[in-house]
Every structure is written in structure tokens, then in C-alpha cells.
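Survey of secondary and tertiary structure
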Amino acid sequence: MHVRCPERLPEQAYRQVLELLADLSPVVQALPPTCALVELKGALRYHGTDARHLGEMLRVRSVSRLGIDVRVGIGSTITVAATASAQITGPGGVLAVPPEETAGWLGPLPVEALHGIGPRQAAVLRDYGIRTVGLLAAVSPATVQRLLGKKAGRLAADRARGIDPRPVVPRALPASAAVRHRFGHHTLDGATVRTALLDLVVQLGLLLRHRGQAAQALTLTLHFAGGTTWEKTRRLPEPSAHDEDLRTLAYQLMDAASLQRARLTGITLRGQDLINADQVATQISLDQTRESRLVAEQTLDRIRTKFGPNAVGPAATAPIRRAS
């Protein structure tokens with residue numbers, strides 16, 4: 001997936017878009033100032049959907065949460081995806097090119113539309129009558145190398161044929177991750193609020209572990225009726241992505257709010273100062289209860305990966321079934 005944000009997008013807004021991308025896949029490559037690449041292979045199985053739907057999902061989230069529309073190109077290689085995103089003429093949209101249709105889709109495009117072909121290269125090719133990507137693909141690679149130079153010609157000939165072995169290289173993942181819950185109506189019930197917070201803890205922990213990151217701090221934001229907010233940040237004793245650690249600190253933050261008959265409309269829980277999970281020191285623990293919980297957490301993560309993120313949830317968030 002190749003994503004193009006609006007030109008002259010502020011850096012902070014660009015980082016927020018990267019955060020949305022990291023919600024879809026742990027393999028995100030930032031291409032500053034306004035573009036990014038996303039590897040979708042693992043994400044398709046994780047989300048249980050197709051690539052185009054992920055692109056539409058990203059666009060809806062970007063518009064609804066950030067007010068930013070994006071152009072999303074999807075293809076079997078970086079070149080195809082980037083070429084597709086550039087073909088979207090409006091402020092936003094999704095263009096997915098199935099692998100089996102790559103050659104037919106690239107062929108009629110003007111040669112300068114192929115990602116990686118600059119204006120000078122396009123002018124040289126046009127001088128020799130090579131006006132479309134299909135014609136470029138039909139010319140022998142040796143001929144293209146004589147026209148454009150050895151390296152540039154080889155790359156142009158390969159990419160016109162849909163050949164581009166470059167991988168998406170993770171780079172510049174956002175330094176925070178956020179999950180949100182909106183109540184259907186103004187909520188006063190403390191048990192309902194605490195249940196929603198527990199569900200956010202589970203979502204955040206799963207997201208961090210999916211990314212291979214750990215949080216060093218948590219920020220809790222409470223949204224009240226009337227548009228006011230309350231926000232507080234506390235650091236974890238040790239960086240963590242485990243539900244137990246996140247839950248303990250999240251409950252402390254909620255207790256610090258001292259809610260008394262406050263009408264809540266939503267909650268946001270954000271993991272701050274994220275680091276790679278392999279940077280977290282592993283300590284030998286004599287707490288067998290905690291070790292058992294961590295093993296159970298790994299098992300639940302595998303279940304969610306196979307059957308979807310909603311396959312297992314905290315017991316407190318399950319619907320109550322009354323005996324008849």
C-alpha cells in the first residue's frame with residue numbers, strides 16, 4: 001500500500017497518519033514529508049479482509065479522526081502501488097490493482113506515469129517513440145539501458161514489467177499509539193466506564209504487541225458532555241505491552257480523575273514514548289501467577305491472530321446472559 005497525504009501537511013498531522021497506518025500493519029515505512037508504504041501480507045490475515053477494504057478503512061479513519069483525506073494505491077510491488085496512488089485525481093481515493101491485472105493496467109499509461117521515471121528519462125523515451133509503459137515493457141532491457149544508462153535502464157525495464165523486489169522497510173513508527181471508546185449516550189455509571197477502560201487496555205496491549213513495541217507511559221483522556229476534557233499522564237515502572245501492567249496504571253489514572261457524577265461521552269487511552277519490544281530488559285520472575293498470565297496472554301494473541309481481534313475479549317466486556 002502506497003499512501004499519499006495532502007501536500008504541505010504539518011509534521012504532527014503526518015505522524016498521526018503514520019499512527020493510523022501502524023494500526024493496520026506493523027510494517028510501515030515513512031516516506032517524508034507526506035507519503036508512506038505499508039506491507040499488507042500479514043495484515044490481510046490479521047484483519048480477515050482484502051487489501052482494497054483495508055485501504056477504504058484507512059481512508060475513513062483518516063477523514064473521521066483527523067480530517068485528512070488520503071490517496072491510497074495498492075499493488076503487488078512498491079512501483080505498482082506508488083503508480084496507482086498517483087493516478088487518483090481527487091483529494092482522496094483508493095485504487096487497487098490485482099496482481100493478475102498488473103500488466104494490463106500498466107500498459108496504456110503514459111511512460112512518465114510509471115513511478116521512478118523522471119521528466120528527463122520520459123523525454124528521452126518519447127524521442128524514440130516509447131510513449132507508454134506497455135511499449136517500454138516490450139522493448140528489450142538492453143535497448144532501454146542504452147537509452148537511459150545501465151542502472152536506470154535496467155530498473156525502468158523491470159518496473160515496466162511489474163518487477164520490483166524491494167521490500168517495505170519499517171521506519172519511523174509513531175512514538176505513540178491510541179485506542180478510543182465513544183459511549184452511545186452520556187454515561188454516569190462507574191462500572192460501565194471501568195468496563196470500557198478495561199476493553200481499551202486489552203486493545204492497546206494487543207496493538208503494541210502486534211507492532212513489537214512497548215509503552216513507557218500512559219495518557220488517559222476523558223471526554224465530558226459539553227466538550228470539556230480531562231487528561232493525565234503517568235509513566236510505567238518498566239516499559240511494557242502486557243495487559244496486566246497497562247491495566248494497573250490505567251486504573252490509577254482513572255482513580256486520579258475522582259469522577260463524581262460526571263457525564264462521560266468518551267475515553268482515549270494512549271501509550272506514550274514507545275520503544276521496540278526487544279529493548280525491554282527481560283527479568284527473571286519468581287511470581288508464578290504473573291508468569292502464568294503472560295503465557296495465557298501469548299495464547300490469546302495467537303487466537304486473535306488466527307480468528308480476528310474480536311475472537312477473545314476480557315470477561316468484563318462480554319455480554320451478560322441471564323438465566324431464563
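Our subject is the structure listed above.
Here goes a summary of the coordinates provided.

Reading the values: rules and limits
- Once a new chain begins, its residue numbering starts again from 1 and follows that chain's sequence as written.
- For a predicted model such as this one, the threshold for reporting local features is a pLDDT of at least 70, and the threshold for listing and counting side-chain atom pairs is 80 or more; totals across whole chains, interfaces and linings nevertheless cover every residue.
- Where side-chain values are given, they derive from all heavy atoms of the structure, hydrogens and water being excluded.
- Labels follow the DSSP assignment, with helices taken as runs of H or I lasting at least four residues and strands as runs of E lasting at least two, numbered in each case from the N terminus.
- Burial classes follow relative accessibility: with a 1.4 Å probe on protein chains only, a residue under 20% of its type's maximum area counts as buried, one over 50% as exposed, and anything between as partly exposed.
- Accessible surface is estimated by sampling points in the Shrake-Rupley manner with a 1.4 Å probe; for residues, cover comes only from the protein chains shown.
- The charged-residue count follows a simple rule in which Lys and Arg add positive charge and Asp and Glu add negative charge, with His and chain termini not counted at all.
- Taken as the charge location is NZ of Lys, CZ of Arg, CG of Asp or CD of Glu.
- Two residues qualify as a contact provided that any one of their heavy atoms is within 4.5 Å of a heavy atom in the partner residue.
- In this scheme, strands are said to pair when DSSP sees at least two bridges between them.
- Every helix has an expected span of 1.5 Å times one less than the residues it contains.
- Nonpolar cores were defined as sets of buried Ala, Val, Leu, Ile, Met, Phe, Trp, Tyr and Cys residues, with membership established by side-chain atoms within 4.5 Å.
- Whenever a carboxyl oxygen of Asp or Glu lies within 4 Å of a side-chain nitrogen of Lys or Arg, that contact is scored as a salt bridge.
- For helices, the fitted line uses only the C-alpha atoms of the stretch in contact; every axis is such a line through C-alpha atoms, and the angle between N-to-C directions lies from 0 to 180 degrees.
- The labels follow the angle: roughly parallel below 35 degrees, roughly antiparallel above 145, roughly perpendicular from 65 to 115, and oblique for the rest.
- For this classification, Asp, Glu, Lys and Arg are treated as charged, while Ala, Val, Leu, Ile, Met, Phe, Trp, Tyr, Cys and Pro are nonpolar and the rest, including Gly, are polar.

1. Details of the overall build of the protein chain
Counting its secondary structure elements, the protein chain contains 12 helices and 10 strands. Taken along its principal axes, the extent of the C-alpha atoms in the protein chain is 75 × 50 × 45 Å. For the protein chain, the proportion of its 324 residues judged to be buried stands at 43%. Entry remark: accessible area of the protein chain is about 17,300 Å², with carbon and sulfur atoms responsible for 52%. Looking at the protein chain, you have 40 positive and 28 negative side-chain charges, and the mean spots of the two groups are 4 Å apart.

2. Some remarks on the side chain of serine 62
Mapped onto the elements, serine 62 comes out in helix α3 (residues 51-66). Residue class for serine 62 comes out buried when judged on its relative accessible area of 1%. Not counting chain neighbours up to four residues away, the residues in contact with serine 62 comprise Val17, Leu20, Gly67, Ile68 and Val70.

3. Overview of the pairing of strand β2 (residues 28-31)
Relative to strand β3 (residues 35-38), β2 runs antiparallel, the two sharing four bridges. Looking across to β3, one finds that alanine 30 is bridged to alanine 36.

4. What to know about helix α1 (residues 11-24)
What sets the pattern is the α-helix's 3.6 residues per turn: residues three or four places apart point alike. With 14 residues, α1 ought to run about 20 Å at 1.5 Å a step, and its terminal C-alpha atoms sit 20 Å apart, in line with that. Residues of α1 that are buried include every one of Ala13, Tyr14, Val17, Leu18, Glu19, Leu20, Leu21, Ala22, Asp23 and Leu24, and no others.

5. Digging into the nonpolar core
Grouped together as the largest cluster of nonpolar side chains are 29 residues, with contacts concentrated most on Leu204, Leu208, Leu218, Leu220, Leu222, Ile267 and Leu269. Those elements that place two or more of their residues in this core are β6 (176-187), α10 (190-211), β7 (213-224), α11 (243-257) and β9 (264-272). Counting residues per element, this core draws most heavily on α10, at eight residues. Aside from chain neighbours lying at most four places away, what touches leucine 204 is Ala177, Val179, Leu218, Leu246, Leu269, Arg270 and Gly271. Val28, Leu40, Val70 and Val72 belong to the second-largest nonpolar core, a separate cluster that totals 27 residues.

6. Considering the pattern of salt bridges
Within the structure shown, the criterion is met by nine salt bridges. Of the charged contacts in the structure, one is a salt bridge between arginine 8 and glutamate 7, with a shortest N-O distance of 3.8 Å.

7. Here we look at the environment of leucine 136
Locating leucine 136 in the fold gives a position in helix α7 (residues 133-138). You can call leucine 136 buried: its relative accessible area is 0%. When the C-alpha positions of leucine 136 and glycine 266 are compared, they lie 55 Å apart, and in sequence the two are 130 residues distant.

8. Some thoughts on the sheet that holds β3
Taken in spatial order, the five strands of this open sheet run β2-β3-β1-β4-β5, and their pairing is mixed. What marks the edges here is a single partner per strand, and that holds for β2 and β5 (93-96). Strand-to-strand twist across the sheet, computed as the mean angle between neighbouring axes with direction ignored, equals 15°. For strand β4 (residues 71-74) and β5, the ladder comprises four bridges, and the chain directions are parallel. The residue of β5 that forms the bridge with arginine 71 is glycine 93.

9. What about the environment of threonine 143?
As for its position among the elements, threonine 143 is in helix α8 (residues 141-148). Residue classification places threonine 143 among the partly exposed positions, given a relative accessible area of 26%. Considering only alpha carbons, one finds threonine 143 and leucine 114, 29 residues apart in sequence, at a separation of 18 Å.

10. As for unusual backbone geometry
Residue proline 33 is reached from proline 32 by a cis peptide bond, and omega for that bond is 10°. Along the polypeptide, proline 33 turns up in the loop between β2 and β3. In this structure, arginine 8 is a non-glycine residue whose phi angle is positive, near 60°. Within the fold, arginine 8 resides in the loop between β1 (2-4) and α1. Relative accessible area serves as the criterion here: at 74%, arginine 8 is assigned to the exposed category.

11. Describing the packing of α1 against α10
α10 packs onto α1 with a crossing angle of 85° between their chain directions and a minimal axis gap of 9 Å. By the criterion of interaxial angle, the relationship of α1 to α10 is roughly perpendicular. For the pair α1 and α10, contact is made by Glu19, Ala22, Asp23 and Leu24 and by Leu207, His210 and Arg211, respectively. A class-by-class count of the residues in the contact of α1 with α10 yields three nonpolar, one polar and three charged.

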